Amino acid sequence: MVDLSDLDYLSDNLANRARIIAQDRSWTNIIDGKFEAALSGHSLDMIEPSSGTPFCTIARSGLEDVNAAVSAARTAFEQGSWPQMPAAERGRHLSRLSSLILEHFEELAALESRDTGKPLRQAEADITATARYFEYYGGAADKVHGQTIPLPNGFTAMTLHEPHGVVGSIIPWNYPAQIMGRVAGAALAMGNCLVIKPAEDACLSILRLAELALEAGIPAGVLNVITGTGEEAGALLSCHPGLDFITFTGSPEVGTLVQRAAAGNHIGCTLELGGKSPQILFEDADLDAAMPVITNAIIQNAGQTCSAGSRLLVHVSQWDQVLETLRGHFEKLVANRHDANADLGPLVTGHQAERVAGFLDLADDANIPVLAAGTIADDAPQGGYYATPTLFGPVPADSALAQEEVFGPVLSMLPFKDEEEAIALANGTPYGLVAGIWTRDAARSMRLARAIRAGQVYINGYGAGGGIELPFGGFKKSGHGREKGFEGLYEFSATKTIVMNHG
Ligand code: NAD
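Residues numbered from 1 in each chain as written. Predicted model: local features only at pLDDT ≥ 70, side-chain atom pairs only at ≥ 80, totals over all residues. Heavy atoms only, no water.

## A short note on the sheet that holds strand β12 (residues 278-281)
This is how it is decided: Only when DSSP finds a minimum of two bridges between them are two strands counted as paired. What counts as a helix is a DSSP run of H or I of at least four residues, what counts as a strand is a run of E of at least two, and both are numbered from the N terminus. Structural elements are reduced to axes, namely lines fitted to C-alpha atoms, with helices fitted over the stretch in contact, and the angle between N-to-C directions of any two is expressed from 0 to 180 degrees.
Taken in spatial order, the 7 strands line up as β15-β17-β18-β13-β12-β20-β21 in an open sheet, and their pairing is mixed. Each edge of the sheet is formed by a strand with only one pairing partner; in this case those strands are β15 (370-373) and β21 (456-459). On average, each strand axis in the sheet is tilted by 20 degrees relative to the strand beside it, whichever way the strands run. Two strands pair when backbone bridges link them, and β12 and strand β13 (residues 311-315) are joined in this way by 4 bridges, in the parallel orientation. What sits directly across from P278, in β13, is R311.

See the structure below:
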C-alpha cells in the first residue's frame, strides 16, 4: 500500500495529483486507527463503472474483521476519551475534518467520481456537501439541550441526550461520501463510536475520509470502516450483539433483514429505503423555472438517487406543452464516462444496468410509449454500464414503472385532471420520501404539502438529495427515522430522564 504520509513533502498541488494516481492501491479496513487487510487475506476487485475494468482492491471482511471493528468501537466508547470529551471539543475535531476534506477536495472528488461513475462536477458537489455535514455537526455538537420538566415542589426533573454507544452504519453505493457525512457527522457529534460497512460497489471515498478523520485527531477506534459484501460483512455487522444502534440506507429488501437483526438484539434502527417521488405540475406552474429542475431531479446521479423525482404528474391542460419542452431537454442529454463531465455518467454496476434494462423491457411489454430519449456518447467505453435517459408517458398508475424504484435515468409522466386526483396519484405508491409541487397558488400548494405523505415536500423547487440542515427520511416503505439537520442528532442519542427529590 502507498504510504500517503510520504507525499507530504510535495507541494499541495503535486501531492493532490499524486494522491489521485494513488487510487489504484490495495485499500484496507480501518480498525482501531490501523490499516488492516481482511484477516482471511481475501479481497474484492473494485470496478470502474465507466469502463467495466478493475482498478484496485478492497478487503473482503469476514467475522474476525467485524468482531475486531466492533470491539475497537466498544473499547473507544467505554474506555476512550471521545464520549467524555466536552461536546465543543468533539465539535472542533469534526470542524477540523471538514477543513481537511476541503484541503483534499480535488483528490476526494476524483476518487468519488471514478468509483461511482458520477460526473466529476457532481462528485465535487458531493464532496462540498460532505465537508458541510462535518462543519454543520461540528458546530451543533455543543448545542443539544435537554429539558427541565415541572414536577411538584421538592423535585427537579431534567432530560439529557446521551449517545447510544456503538453504532453500526450500512451505507449504499450511490452517495458514499455524503451519506457517511450525514451519519458520521451526527453520530460522532453526539459521542457515539462507529463501525461503517460501505457498499462493495463504491466505498473508496469512505475509506479515505476515515483516514482524514485520524489526521483530524479523532481518536483511534472511534470511526472504524470495514469493507466487504453485504451478504457477509453487512449481515454479520447488522446482527452483531456488540452494537447499540444501527442505521441503514439501501433497498427495502435488505432494510427488512437489517431491522429483523436489530430486533434480535433489541436495539434501535433507522432505515432509509428509497422512494418513487412525484413532482406535481399544475396548470399555473412556471414551466420555465420547473423544467430544468424536473430534468435534473431524475438525471442527477443517473437516476440512482433515493429522492430522485421519478414521477412527473402533469395537469392534462399542460400535457402537450410540457412534453414538448421536456422532449427538448431529454433529447439533448448525453451519458459518458465520469471524467467527460457529461450530463450523466454510467450506472454503478453491470447488475444495476441489467436491473434498469429489465424495467425498460417491462415498459415495452406493457406498450408504454417512449416520449423522448437521450443518447450514450459514441466514445463512451464499450465495457461501461451506460443507460439511455428515457421519458415515458402516459404511464399507467399501477404499472411497475409508476410503482417501483427503477434507480436509473427513467422519468414516468402521468396526467391528472384535478387536485384530488393529483393527491391520490402522489400518495398512490408504497413509498413516501420526497415530493415537489409546482403552482403559483399558495393556498393550493399548502393543501397539497399537508395532504402528501412524504418526509420532505418542496414547493416550486426540488431538492433531490439536498439539504444538510433539513430533516430527511421516509413515510411508509421509504423507511423510518430522520437523518440530516438537528433531528439527525437526536436520532443518534437516547433521552435520559433524571429526577431529584431534594425535599
Ligand atoms: P442493497 O440494499 O443490497 O445494498 C445497500 C447496502 O446494504 C450495501 O452496503 C450492501 O453491502 C449492504 N447489504 C446487502 N445485503 C446485505 C445484508 N444481507 N445484510 C446487511 N447488509 C447488506 O442495495 P443494492 O442491491 O446495491 O441496490 C438495489 C436497489 O436498492 C437499487 O436498485 C435501489 O432501488 C435501492 N437502493 C436504494 C438506495 C437509497 O439511497 N435508498 C441506495 C442504494 C440502493
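Structure's up, so let's keep going.
## Description of a nonpolar patch on the surface
Rules: Each patch is assembled from residues with relative accessible area greater than 30% and no salt bridge, linking like charges that lie within 9 Å and nonpolar side chains (Val, Leu, Ile, Met, Phe, Trp, Tyr) that lie within 5 Å. For the area figures, the Shrake-Rupley method with a 1.4 Å probe applies, and any residue is considered shielded solely by the protein chains shown. Definition used for salt bridges: Asp or Glu carboxyl oxygen within 4 Å of a side-chain nitrogen of Lys or Arg.
Residues I149, L151, F155 and V499 make up a contiguous nonpolar surface patch of about 310 Å² in total accessible area. You can see V499 is positioned in strand β24 (residues 493-501).

## Digging into the site of the ligand
For clarity, the cut-off: Any residue with a heavy atom positioned within 4 Å of a molecule or strand is treated as near that molecule or strand. Whenever a nitrogen or oxygen atom comes within 3.5 Å of another N or O atom, the pair is scored as a polar contact, on the condition that within protein one atom can donate a hydrogen and the other can accept it, and that pairs from neighbouring residues in sequence are kept only if both atoms are in side chains. Grid points spaced at 1 Å and placed over the protein atoms alone form the basis of the search, with a cavity being a set where a 1.4 Å probe fits but cannot get out and a pocket an open set showing protein on both sides within 12 Å along at least five of seven lines. Lining residues have an atom within 4 Å of a point. A pocket or cavity is taken to hold a molecule when more than half of that molecule's atoms are within 2 Å of the pocket's grid points.
In the vicinity of the ligand, 26 residues are found, and the nearest of them are W173, K197, E200, S251 and R355. A distance of 3.4 Å is found between an oxygen atom of the ligand and a backbone nitrogen or oxygen belonging to G230. E405 has a polar side-chain atom sitting 2.9 Å from an oxygen atom of the ligand. Compared with its free state, where it exposes 810 Å², the ligand has 90% of that area covered by protein. Placement of the ligand is best described as lying within the largest pocket. At the level of secondary structure, the elements contributing two or more residues to the shell around the ligand comprise α8 (230-238), β10 (245-249), α9 (252-264) and α12 (350-365). At 3 residues, the largest contribution of residues to the shell around the ligand is made by α8.

## Things to note about the domain arrangement of the chain
Test applied: The split into domains, and so the bounds of each, comes from an automatic or database assignment of domains. Any pair of residues with heavy atoms lying within 4.5 Å of one another is described as a contacting pair. By definition, the buried area sums, over both parts, the 1.4 Å-probe accessible area that each loses when the two are put together. When residues are sorted by character, Ala, Val, Leu, Ile, Met, Phe, Trp, Tyr, Cys and Pro go into the nonpolar class, Asp, Glu, Lys and Arg into the charged class, and all the rest, Gly among them, into the polar class.
As far as domains go, the chain holds domain 1 (28-273) and domain 2 (278-467). In this assembly, 24 residues from domain 1 lie in contact with 27 residues from domain 2. Where domain 1 abuts domain 2, roughly 2000 Å² becomes buried across the two surfaces, and 50% of that area is made up of carbon and sulfur atoms. Where domain 1 packs against domain 2, one counts 1 salt bridge. As a salt-bridge pair, E48 and R337 come within 4.0 Å of each other at their nearest N and O atoms. Taken together, domain 1 and domain 2 are joined by 13 residue pairs in polar contact (both at pLDDT 80 or more). Where the side of domain 1 that touches domain 2 is concerned, the elements lending two or more residues are β3 (43-48), α4 (105-116) and α5 (120-140). Across the side of domain 1 that touches domain 2, the residue classes tally to 9 nonpolar, 9 polar and 6 charged.

## Some remarks on the pairing of β10
To keep it simple, the criterion reads: Buried residues are those whose accessible area, probed at 1.4 Å on protein chains only, stays under 20% of the maximum for their type, while exposed residues exceed 50% and partly exposed ones sit between those limits. The path from the first strand over the helix to the second decides the hand: if it runs clockwise while the strands point away from the viewer, the crossover is right-handed.
Of all 5 residues in β10, 5 are buried; the element is thus mostly enclosed. Every second residue of β10 is oriented toward a common face, with F245, T247 and T249 on one face and I246 and F248 on the other, all of them buried. Here 4 bridges tie strand β7 (residues 166-170) to β10, and the two strands are oriented parallel to one another. The residue bridging I170 from the neighbouring strand is F248, located in β10. Two strands pair when backbone bridges link them, and β10 and strand β11 (residues 268-272) are joined in this way by 5 bridges, in the parallel orientation. By the bridge assignment for β11, T249 is matched with E272. Considered for its hand, the β-α-β crossover made up of β10, α9 and β11 is right-handed.

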